[in-house]
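Remarks on the overall topology
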Amino acid sequence: MTNAFSTSTDPAESGPVLTVRGELDVATAPRLRVRIGELTLTSGQLLVVDLAGVTFCDSSGISALIAARNVAEAAEAKVALVAVPARLTRTLALTGLADFFPTYPTAGEAISAHR
């Protein structure tokens, strides 16, 4: 298993699905921020961030996720996190950010809830 960082984006009817893989940390969070900035979001869309492949996330990674939410809000869109690893779920709860991000088990469930 590799921890190499990567992102990919797939279109969905509701908006982009951004898949993040590997370690999301001080070295890779800037790359995620750039990728988020390259997305085109419009009013009413949903940005789904799939974290199933994230093997580690530090405070820089969480900051990049907050940036994703801010980008979505600036476009009058929403953001949802999906397949959040258990350790990151605990971190979000401990930092008070659990209510900041709607989370879902799968992208399909997030998209269905957005309709």
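Scroll up to find the structure this text is about.
The structure reproduced in this document is the subject of the present report. Since this is a predicted model, take the numbers as computed values, not measurements.

1. Concerning the pairing of strand β1 (residues 6-12)
Moving residue by residue along a regular strand, the side chains alternate between the two faces of the sheet. Summarising the sheet, β1 and strand β2 (residues 15-24) pair through 7 bridges and their orientation is antiparallel. Counterpart to aspartate 10 in the pairing with β2 is valine 17. In this structure, the hairpin formed by β1 and β2 is closed by a connection of 2 residues.

2. Some words on the environment of leucine 32
By secondary structure assignment, the location of leucine 32 is in helix α1 (residues 29-38). Separated by 29 residues in sequence, leucine 32 and asparagine 3 have C-alpha atoms that sit 15 Å apart. Every residue in contact with leucine 32, bar those within four places of it in the chain, is listed here: Phe5, Thr7, Leu18, Val20, Leu24, Ala64 and Leu65.

3. Quick look at α1
A turn of α-helix holds 3.6 residues, and therefore any two residues three or four places apart point the same way. If you check which residues of α1 are buried, you get Ala29, Leu32 and Ile36. The arc that holds the buried residues of α1, viewed along the axis, is 55 degrees, so those residues lie on one side. In α1, the exposed residues that point more than 90 degrees away from the buried face are Val34, Gly37 and Glu38. The secondary structure elements touched by the buried residues of α1 are β1, β2 and α2 (59-74).

The rules behind each value
- Within every chain, residues take consecutive numbers counted from 1 along the sequence as written.
- Reporting in this predicted model follows two pLDDT cut-offs: at least 70 for local features of residues, and 80 or more for side-chain atom pairs to be given and counted; totals over whole chains, interfaces and linings ignore these cut-offs and use all residues.
- For side-chain calculations, the full set of non-hydrogen atoms in the structure is used, while hydrogens and water are omitted.
- Being paired, for any two strands, means DSSP has found at least two bridges between them.
- Helix numbers and strand numbers start at the N terminus; a helix is a DSSP run of H or I with at least 4 residues, a strand a run of E with at least 2.
- Contacts were defined at the residue level, with two residues in contact if any of their heavy atoms lie within 4.5 Å.
- Residue exposure (1.4 Å probe, protein chains only): buried if accessible area is under 20% of the type maximum, exposed if over 50%, otherwise partly exposed.
- The directions considered for the arc run from the helix axis to the C-beta atoms.

By themselves, these observations are geometric and do not establish any function.
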